[in-house]
Amino acid sequence: MSDYLPQEVISEIFLRLPVKSLVIFTSVCKSWGSIIKSLSFIQAHLSHRISFNDLHDTHLLLLHGVSLISYRSDFGLEDSFYGLKREVYSLHYDNLAFTEYCKIAFHHIPIADRKMSNECFRVVGICNGLIFLADDISHSGYKFIIWNPVIRKLVTLPKPGLTFETHGRYNACHGFAFDASTNDYKAVRLSKFGFVGDTANQTYVEVYSLASGSWSEPKLVDIDPLCAINRCSPQAFVNPLHWDARSLSLTSISYRCFILAFDVSRELFQEIMMPKSLDLNSQSIEISIVCFS
(Lines give C-alpha, C1' and ligand atoms only; values in the text may rest on other atoms or scores of the structure.)
Protein backbone atom coordinates (compact mmCIF):
# COMPACT_ATOMS: atom_id res chain seq x y z
CA MET A 1 0.00 0.00 0.00
CA SER A 2 2.83 2.39 0.86
CA ASP A 3 4.15 2.01 -2.72
CA TYR A 4 0.97 3.46 -4.21
CA LEU A 5 -0.33 5.99 -1.66
CA PRO A 6 1.35 9.23 -0.59
CA GLN A 7 2.55 9.40 3.01
CA GLU A 8 -0.05 12.10 3.79
CA VAL A 9 -2.88 9.73 2.79
CA ILE A 10 -1.41 6.88 4.82
CA SER A 11 -1.17 9.17 7.85
CA GLU A 12 -4.83 10.15 7.44
CA ILE A 13 -5.83 6.48 7.34
CA PHE A 14 -3.74 5.73 10.44
CA LEU A 15 -5.36 8.61 12.33
CA ARG A 16 -8.68 6.78 12.16
CA LEU A 17 -7.39 3.46 13.46
CA PRO A 18 -7.43 2.29 17.10
CA VAL A 19 -4.19 2.17 19.06
CA LYS A 20 -4.12 -1.65 19.13
CA SER A 21 -4.03 -1.77 15.32
CA LEU A 22 -1.34 0.90 15.15
CA VAL A 23 0.90 -1.07 17.50
CA ILE A 24 0.67 -4.06 15.17
CA PHE A 25 1.30 -1.91 12.08
CA THR A 26 4.59 -0.57 13.47
CA SER A 27 6.08 -3.99 12.65
CA VAL A 28 4.81 -4.12 9.04
CA CYS A 29 7.57 -1.96 7.58
CA LYS A 30 10.04 0.74 8.63
CA SER A 31 8.16 3.57 6.94
CA TRP A 32 4.91 2.75 8.76
CA GLY A 33 6.75 2.40 12.05
CA SER A 34 8.43 5.76 11.51
CA ILE A 35 5.08 7.47 10.88
CA ILE A 36 3.27 5.90 13.84
CA LYS A 37 6.10 6.48 16.33
CA SER A 38 6.68 10.13 15.36
CA LEU A 39 5.76 12.72 17.99
CA SER A 40 3.68 14.73 15.53
CA PHE A 41 1.55 11.69 14.64
CA ILE A 42 1.08 10.68 18.29
CA GLN A 43 -0.19 14.16 19.12
CA ALA A 44 -2.43 14.25 16.03
CA HIS A 45 -3.87 10.80 16.80
CA LEU A 46 -4.63 11.79 20.40
CA SER A 47 -6.33 15.00 19.28
CA HIS A 48 -8.36 13.11 16.66
CA ARG A 49 -9.42 10.48 19.20
CA ILE A 50 -10.54 13.12 21.71
CA SER A 51 -12.56 14.93 19.02
CA PHE A 52 -14.12 11.63 17.92
CA ASN A 53 -15.09 10.76 21.50
CA ASP A 54 -16.55 14.24 22.03
CA LEU A 55 -18.64 13.88 18.87
CA HIS A 56 -19.88 10.35 19.52
CA ASP A 57 -19.97 10.47 23.34
CA THR A 58 -17.59 7.51 23.65
CA HIS A 59 -15.21 8.72 26.35
CA LEU A 60 -14.12 5.94 28.71
CA LEU A 61 -13.85 5.95 32.50
CA LEU A 62 -11.67 3.60 34.54
CA LEU A 63 -13.29 1.80 37.46
CA HIS A 64 -10.94 0.33 40.04
CA GLY A 65 -13.01 -1.84 42.36
CA VAL A 66 -11.47 -3.17 45.56
CA SER A 67 -13.28 -5.39 48.05
CA LEU A 68 -11.76 -5.17 51.54
CA ILE A 69 -12.30 -6.60 54.98
CA SER A 70 -11.59 -3.25 56.61
CA TYR A 71 -10.82 0.35 55.53
CA ARG A 72 -10.74 3.63 57.46
CA SER A 73 -9.56 7.07 56.29
CA ASP A 74 -8.65 10.22 58.23
CA PHE A 75 -7.91 13.00 55.73
CA GLY A 76 -5.56 10.64 53.91
CA LEU A 77 -3.08 10.73 56.78
CA GLU A 78 -3.86 7.64 58.90
CA ASP A 79 -5.52 5.22 56.49
CA SER A 80 -6.19 1.69 57.65
CA PHE A 81 -6.45 -0.88 54.86
CA TYR A 82 -6.64 -4.60 55.53
CA GLY A 83 -7.67 -7.78 53.77
CA LEU A 84 -7.90 -7.60 49.98
CA LYS A 85 -10.68 -9.95 48.87
CA ARG A 86 -11.18 -8.90 45.24
CA GLU A 87 -9.76 -6.35 42.83
CA VAL A 88 -11.18 -5.41 39.41
CA TYR A 89 -10.12 -2.94 36.73
CA SER A 90 -12.70 -2.15 34.05
CA LEU A 91 -13.44 0.52 31.45
CA HIS A 92 -16.89 2.05 31.16
CA TYR A 93 -18.51 4.51 28.76
CA ASP A 94 -19.11 7.94 30.25
CA ASN A 95 -22.90 7.77 30.00
CA LEU A 96 -25.84 7.61 32.39
CA ALA A 97 -25.94 3.81 32.22
CA PHE A 98 -22.17 3.58 32.91
CA THR A 99 -22.04 0.81 30.29
CA GLU A 100 -19.06 -1.50 30.63
CA TYR A 101 -16.64 -1.42 27.67
CA CYS A 102 -14.28 -4.15 28.89
CA LYS A 103 -12.48 -5.57 31.90
CA ILE A 104 -8.71 -5.20 32.17
CA ALA A 105 -6.59 -8.12 33.33
CA PHE A 106 -3.94 -6.14 35.19
CA HIS A 107 -2.78 -9.16 37.21
CA HIS A 108 -1.68 -10.87 33.99
CA ILE A 109 0.92 -8.18 33.32
CA PRO A 110 4.32 -9.16 34.72
CA ILE A 111 5.80 -6.69 37.20
CA ALA A 112 9.47 -7.10 37.93
CA ASP A 113 10.25 -7.60 41.62
CA ARG A 114 6.71 -6.90 42.85
CA LYS A 115 7.58 -6.27 46.51
CA MET A 116 4.84 -3.98 47.75
CA SER A 117 3.96 -2.30 51.03
CA ASN A 118 0.21 -2.67 50.36
CA GLU A 119 -2.02 -5.41 49.03
CA CYS A 120 -2.89 -3.50 45.86
CA PHE A 121 -2.14 -0.28 44.00
CA ARG A 122 -4.04 3.00 44.24
CA VAL A 123 -5.05 4.73 41.01
CA VAL A 124 -3.50 8.17 41.47
CA GLY A 125 -4.65 9.54 38.14
CA ILE A 126 -5.22 9.12 34.43
CA CYS A 127 -3.90 11.38 31.70
CA ASN A 128 -4.41 10.83 27.95
CA GLY A 129 -5.00 7.12 28.47
CA LEU A 130 -1.98 6.57 30.73
CA ILE A 131 -2.70 5.40 34.28
CA PHE A 132 -0.44 6.25 37.21
CA LEU A 133 -0.52 3.66 40.00
CA ALA A 134 1.07 4.05 43.42
CA ASP A 135 1.72 1.60 46.24
CA ASP A 136 0.41 4.02 48.88
CA ILE A 137 -3.14 3.07 49.90
CA SER A 138 -2.27 2.44 53.56
CA HIS A 139 1.52 2.66 53.76
CA SER A 140 3.87 4.77 51.66
CA GLY A 141 5.66 2.28 49.44
CA TYR A 142 8.13 2.88 46.61
CA LYS A 143 6.47 0.98 43.77
CA PHE A 144 5.06 3.29 41.06
CA ILE A 145 3.80 2.32 37.62
CA ILE A 146 2.73 4.24 34.52
CA TRP A 147 0.46 1.84 32.66
CA ASN A 148 -1.09 1.88 29.19
CA PRO A 149 -3.87 -0.75 29.41
CA VAL A 150 -4.78 -0.52 25.71
CA ILE A 151 -1.42 -1.78 24.47
CA ARG A 152 -0.67 -3.65 27.73
CA LYS A 153 2.62 -1.95 28.39
CA LEU A 154 3.91 -0.35 31.55
CA VAL A 155 6.89 1.48 32.99
CA THR A 156 8.03 0.77 36.54
CA LEU A 157 9.48 3.93 38.05
CA PRO A 158 12.81 3.82 39.88
CA LYS A 159 12.92 4.31 43.63
CA PRO A 160 12.65 7.99 44.62
CA GLY A 161 15.48 9.72 46.45
CA LEU A 162 13.64 10.29 49.74
CA THR A 163 12.74 7.10 51.62
CA PHE A 164 12.21 5.90 55.16
CA GLU A 165 15.73 4.44 55.10
CA THR A 166 17.31 7.77 54.16
CA HIS A 167 15.20 10.29 56.11
CA GLY A 168 12.96 8.46 58.56
CA ARG A 169 9.19 8.69 59.04
CA TYR A 170 7.19 10.72 56.52
CA ASN A 171 3.85 11.05 54.71
CA ALA A 172 3.79 11.24 50.91
CA CYS A 173 1.22 12.28 48.33
CA HIS A 174 1.40 11.95 44.55
CA GLY A 175 0.10 13.46 41.34
CA PHE A 176 0.31 12.84 37.60
CA ALA A 177 0.05 15.33 34.74
CA PHE A 178 1.09 16.13 31.17
CA ASP A 179 3.62 18.93 30.64
CA ALA A 180 2.64 20.47 27.29
CA SER A 181 5.74 22.67 27.23
CA THR A 182 8.01 19.62 26.91
CA ASN A 183 5.51 16.98 25.67
CA ASP A 184 6.33 14.92 28.72
CA TYR A 185 4.32 13.04 31.34
CA LYS A 186 5.37 13.73 34.92
CA ALA A 187 4.71 12.13 38.28
CA VAL A 188 4.99 14.37 41.33
CA ARG A 189 5.82 13.19 44.85
CA LEU A 190 5.44 15.40 47.94
CA SER A 191 7.08 14.08 51.11
CA LYS A 192 6.22 15.62 54.51
CA PHE A 193 8.53 14.56 57.33
CA GLY A 194 7.81 14.12 61.05
CA PHE A 195 8.67 16.16 64.09
CA VAL A 196 12.26 15.04 64.75
CA GLY A 197 15.56 15.16 62.90
CA ASP A 198 17.08 17.59 60.42
CA THR A 199 14.02 17.45 58.13
CA ALA A 200 11.42 17.92 60.89
CA ASN A 201 8.18 19.47 59.55
CA GLN A 202 9.77 20.01 56.14
CA THR A 203 8.13 19.15 52.80
CA TYR A 204 10.12 18.10 49.73
CA VAL A 205 9.05 17.64 46.12
CA GLU A 206 10.43 15.16 43.57
CA VAL A 207 9.36 15.08 39.91
CA TYR A 208 9.63 12.00 37.70
CA SER A 209 9.94 12.58 33.95
CA LEU A 210 8.74 9.78 31.67
CA ALA A 211 10.97 11.15 28.89
CA SER A 212 14.16 10.99 30.98
CA GLY A 213 13.13 7.99 33.07
CA SER A 214 14.40 9.50 36.32
CA TRP A 215 13.39 11.49 39.40
CA SER A 216 14.62 15.02 39.95
CA GLU A 217 16.72 15.91 42.96
CA PRO A 218 14.53 16.52 46.05
CA LYS A 219 13.69 20.20 46.47
CA LEU A 220 12.57 21.86 49.71
CA VAL A 221 9.08 23.35 49.38
CA ASP A 222 8.47 26.78 50.90
CA ILE A 223 5.11 26.13 52.58
CA ASP A 224 3.78 26.32 56.12
CA PRO A 225 5.60 23.72 58.29
CA LEU A 226 2.25 22.87 59.92
CA CYS A 227 0.62 22.24 56.52
CA ALA A 228 -1.00 18.83 55.98
CA ILE A 229 -1.85 17.63 52.47
CA ASN A 230 -4.57 15.10 51.72
CA ARG A 231 -2.52 12.48 49.89
CA CYS A 232 -5.57 10.67 48.51
CA SER A 233 -7.53 13.73 47.41
CA PRO A 234 -9.03 13.59 43.89
CA GLN A 235 -7.28 15.92 41.46
CA ALA A 236 -7.68 17.62 38.13
CA PHE A 237 -4.94 15.93 36.10
CA VAL A 238 -3.97 18.96 34.14
CA ASN A 239 -1.13 21.39 34.68
CA PRO A 240 -1.06 22.65 37.41
CA LEU A 241 -1.82 19.80 39.77
CA HIS A 242 -4.03 20.45 42.80
CA TRP A 243 -4.37 19.01 46.29
CA ASP A 244 -6.64 20.08 49.13
CA ALA A 245 -4.60 20.98 52.20
CA ARG A 246 -4.96 22.46 55.67
CA SER A 247 -2.72 24.35 58.06
CA LEU A 248 -3.02 24.50 61.85
CA SER A 249 -3.08 27.93 63.48
CA LEU A 250 -1.38 27.78 66.87
CA THR A 251 -2.89 31.09 68.00
CA SER A 252 -6.55 30.24 67.42
CA ILE A 253 -6.21 26.43 67.50
CA SER A 254 -8.13 26.13 64.23
CA TYR A 255 -7.46 24.95 60.69
CA ARG A 256 -7.03 27.05 57.57
CA CYS A 257 -8.11 25.05 54.52
CA PHE A 258 -6.73 25.87 51.06
CA ILE A 259 -5.80 24.34 47.69
CA LEU A 260 -2.13 23.67 46.99
CA ALA A 261 -1.32 23.96 43.27
CA PHE A 262 1.88 22.80 41.56
CA ASP A 263 2.93 23.87 38.06
CA VAL A 264 4.80 20.87 36.59
CA SER A 265 6.38 23.01 33.85
CA ARG A 266 7.90 25.67 36.08
CA GLU A 267 7.97 23.48 39.22
CA LEU A 268 6.39 26.23 41.31
CA PHE A 269 3.82 26.01 44.11
CA GLN A 270 0.91 28.32 44.77
CA GLU A 271 -1.75 28.51 47.47
CA ILE A 272 -5.33 29.08 46.31
CA MET A 273 -7.93 30.27 48.79
CA MET A 274 -10.95 28.08 49.44
CA PRO A 275 -14.39 29.47 48.63
CA LYS A 276 -15.77 31.17 51.75
CA SER A 277 -18.56 28.60 51.90
CA LEU A 278 -15.95 25.84 52.37
CA ASP A 279 -13.57 27.70 54.69
CA LEU A 280 -15.05 26.02 57.75
CA ASN A 281 -11.91 25.81 59.89
CA SER A 282 -12.66 22.12 60.01
CA GLN A 283 -10.22 19.31 60.51
CA SER A 284 -12.31 16.82 58.55
CA ILE A 285 -13.16 18.76 55.39
CA GLU A 286 -12.34 17.01 52.11
CA ILE A 287 -13.03 18.30 48.61
CA SER A 288 -12.85 16.96 45.08
CA ILE A 289 -11.13 19.10 42.46
CA VAL A 290 -12.48 18.48 38.95
CA CYS A 291 -11.51 20.09 35.66
CA PHE A 292 -14.29 20.98 33.20
CA SER A 293 -13.39 21.72 29.58
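Bear in mind that the values here come from a model prediction, so they are computed numbers and not experimental data.

Assigned secondary structure in the protein chain consists of 5 helices and 16 strands. Taking all 293 residues of the protein chain together, the buried fraction comes to 40%. Relative to all contacts within the protein chain whose residues are 6 or more apart in sequence, the contacts with residues 24 or more apart total 46%. Put simply, the protein chain shows about 16500 Å² of open surface, and 56% of that area lies on carbon and sulfur atoms.

Once that is clear, we can look at the packing of aromatic side chains. One pass over the structure, following the stated rule, counts 11 aromatic pairs. Seen in terms of ring centroids, Phe 144 and Trp 215 are 5.9 Å apart; in terms of plane orientation they differ by 70°. Their pairing is edge-to-face. With Phe 144 in strand E6 (residues 144-148) and Trp 215 in strand E11 (residues 214-215), the pair connects residues that are 71 residues apart, well separated along the chain. Taken together, a centroid distance of 4.5 Å and an interplanar angle of 40° make the contact between Phe 262 and Phe 269 tilted. Given a relative accessible area of 24%, Phe 269 falls into the partly exposed group.

At a closest axis distance of 9 Å, the pairing of helix H1 (residues 7-15) and helix H4 (residues 39-56) adopts a crossing angle of 45°. What the angle tells us is that H1 and H4 run oblique. Like other packed secondary-structure pairs, H1 and H4 cross with a definite hand, here right-handed. Taken together, the residues of H4 that come into contact with H1 (itself represented by Ser 11, Phe 14 and Leu 15) are Phe 41, Ala 44, His 45 and His 48.

Going through the model one piece at a time under the given rule, you end up with 5 salt bridges. A salt bridge links Glu 267 to Lys 219, with the shortest nitrogen-to-oxygen separation between them at 3.5 Å. Of this pair, Glu 267 sits in the loop between strand E15 (254-263) and strand E16 (268-273) while Lys 219 is found in strand E12 (residues 219-220), placing the two residues 48 residues apart along the sequence. Overall, the relative accessible area of 27% leaves Glu 267 in the partly exposed class. The salt bridge involving Asp 263 is made with Arg 266; its shortest N-O contact spans 3.2 Å. For Asp 263, a relative accessible area of 16% translates into the label buried. On the basis of relative accessibility, which here comes to 59%, the residue Arg 266 falls in the exposed class.

Next up on the list: the confidence of the model for the protein chain. Taken over all residues, the pLDDT of the protein chain has a mean of 76, while the share at 70 or more is 70%. Contacts for the low-pLDDT stretch residues 74-78, under 50 throughout, to residues beyond four places or in other chains number 18 contacts. Counting contacts from residues 108-113, a segment whose pLDDT is below 50, to residues more than four positions away or on other chains yields 10 contacts.

Here we take up the environment of Pro 18. Within the secondary structure, Pro 18 is located in the loop between H1 and helix H2 (19-25). Classification of Pro 18 by relative accessible area gives partly exposed; the value is 44%. Between the C-alpha atom of Pro 18 and that of Val 150, which follows or precedes it by 132 residues, the distance is 9.4 Å.

As a further point, take the nonpolar core. Counting 17 residues, the largest nonpolar core has Val 188, Leu 190, Val 205, Ile 229, Trp 243 and Phe 262 as the members making the most contacts within it. Going through the elements one at a time, strand E8 (170-179), strand E9 (184-193), strand E10 (203-209), strand E13 (227-229), strand E14 (241-249) and E15 are the ones with two or more residues in this core. Grouped together as the second largest cluster of nonpolar side chains are 13 residues, Leu 130, Tyr 185, Ala 187 and Tyr 208 included.

What follows deals with the pairing of E10. Among the 7 residues that make up E10, 7 are buried, leaving the element largely enclosed by the rest of the structure. On E10, burial covers both faces: Thr 203, Val 205, Val 207 and Ser 209 on one face and Tyr 204, Glu 206 and Tyr 208 on the other are all buried. As paired elements, E10 and E12 share 2 bridges and run antiparallel to each other. Each bridged residue has a counterpart across the sheet, and for Val 205 the counterpart in E12 is Lys 219. Of the strand pairs in this sheet, E10 and E11 are connected by 2 bridges, and their pairing is antiparallel. Counterpart to Ser 209 in the pairing with E11 is Ser 214. The turn joining E10 and E11, which pair antiparallel and follow one another in sequence, is formed by 4 residues; a positive phi near 75° is taken by Gly 213.

Look at H4: 26 Å from first C-alpha to last across 18 residues, which is about the 26 Å you get at 1.5 Å a residue. Those residues of H4 that sit buried are Phe 41, His 45 and Asn 53. What you see down the axis of H4 is that its buried residues fit within an arc of 100°, all on one side. Relative to its buried face, H4 has exposed residues pointing more than 90 degrees away, namely Ser 40, Asp 54 and Leu 55. Looking one or two residues past H4, Asp 57 carries a phi angle of roughly 55°, positive in sign.

Each value, and the rule that gives it
Residues numbered from 1 in each chain as written. Predicted model: local features only at pLDDT ≥ 70, side-chain atom pairs only at ≥ 80, totals over all residues. Heavy atoms only, no water. Helix = DSSP H or I, 4+ residues; strand = E, 2+ residues; numbered from the N terminus. Buried < 20%, exposed > 50% of the residue type's maximum accessible area, 1.4 Å probe, protein only. Contact = heavy atoms within 4.5 Å. Areas by Shrake-Rupley, 256 points an atom, 1.4 Å probe, with all protein chains shown as cover. Phe/Tyr/Trp six-rings, centres within 6.5 Å; stacked < 30°, edge-to-face > 60°. Axes fitted to C-alpha atoms, helices over the stretch in contact; angles between N-to-C directions. Parallel < 35°, antiparallel > 145°, perpendicular 65-115°, else oblique. Left-handed = near helix turned anticlockwise from the far one by under 90°. Salt bridge = Lys/Arg side-chain N within 4 Å of Asp/Glu carboxyl O. pLDDT = per-residue confidence, 0-100. Core = buried A, V, L, I, M, F, W, Y, C linked by side-chain atoms within 4.5 Å. Pairing = 2+ DSSP bridges. Expected span 1.5 Å × (residues − 1). Arc of directions from axis to C-beta.

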